[in-house]
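Okay, here's what each chain looks like letter by letter:
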Amino acid sequence: QVQLVESGGGLVQAGGSLRLSCIVSGSFFRVNVMAWYRQAPGKQRELVAGITTQGITNYAQSVKDRFAISGDYAKNTVNLLMDSLKPEDTAVYYCNAGIIPTRWGQVATYWGQGTQVTVSS
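Notes on the structure follow. In this text, all values refer to a predicted model and were calculated from it rather than measured experimentally.

Parameters at a glance
Residues numbered from 1 in each chain as written. Predicted model: local features only at pLDDT ≥ 70, side-chain atom pairs only at ≥ 80, totals over all residues. Heavy atoms only, no water. Helix = DSSP H or I, 4+ residues; strand = E, 2+ residues; numbered from the N terminus. Rg over C-alpha atoms; globule rule 2.2 N^0.38 Å. Buried < 20%, exposed > 50% of the residue type's maximum accessible area, 1.4 Å probe, protein only. Contact = heavy atoms within 4.5 Å. Areas by Shrake-Rupley, 256 points an atom, 1.4 Å probe, with all protein chains shown as cover. Lys, Arg positive; Asp, Glu negative; His and termini not counted. Charge placed at Lys NZ, Arg CZ, Asp CG, Glu CD. Polar contact = N/O pair within 3.5 Å; in protein donor to acceptor, adjacent residues only side chain to side chain.

**Notes on the overall build of the protein**
No. 1: Regarding its fold elements, the protein presents zero helices and 11 strands.
No. 2: For the protein, the α and β elements follow one another from N to C terminus as β-β-β-β-β-β-β-β-β-β-β.
No. 3: Taken against the 2.2 N^0.38 rule, which gives 14 Å for 121 residues, the C-alpha radius of gyration of the protein at 14 Å falls within 12% of a compact globule.
No. 4: Projected onto the principal axes, the alpha-carbon positions of the protein cover approximately 50 × 25 × 25 Å.
No. 5: Taken over 121 residues, the protein has a buried fraction of 40%.
No. 6: Restricting the contact set of the protein to residue pairs at least 6 apart, pairs at least 24 apart contribute 57%.
No. 7: Here the protein has roughly 6,700 Å² of accessible surface; of this, 48% comes from carbon and sulfur atoms.
No. 8: Across the protein, the centroid of the 10 positively charged side chains sits 7 Å from that of the 7 negatively charged ones.

**Brief notes about the side chain of R66**
No. 1: The residue R66 is located in the loop between β6 (57–59) and β7 (67–72) in this model.
No. 2: By relative accessible area, R66 is classed as buried at 12%.
No. 3: From its side chain, R66 meets the backbone oxygen of S84 in a polar contact 2.9 Å long.
No. 4: Of the polar contacts made by the side chain of R66, one reaches the side chain of D89; its length is 2.7 Å.
No. 5: If near-sequence neighbours (up to four positions away) are discounted, R66 is found in contact with L81, M82, D83, S84, L85, K86 and D89.

Okay, here's the thing in structure tokens:
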């Protein structure tokens, strides 16, 4: 059984920083990709940042130059450092992982339970 456990959300003033962490655990062959998504009230879930096993990163335009994703595929952990936070960053942030269950299996997508980030103006 695969589990993604997030930590690090909370309340912060505009201009402040937060660091989100996620640990992927369970029985599987390997993690293929890790990412962070977010969903604000009344809006669709959107990709915030992702990182591949080769260290290639991808960011939403709205967070470029403010957020930094890092991943450790040996430990199956992914972090998101968020600087210069804005009220519009307020959302539930979800850890996401593409996981290969067995050596010859297909990639399956897993989600964490979500962590609330609230940025006050």
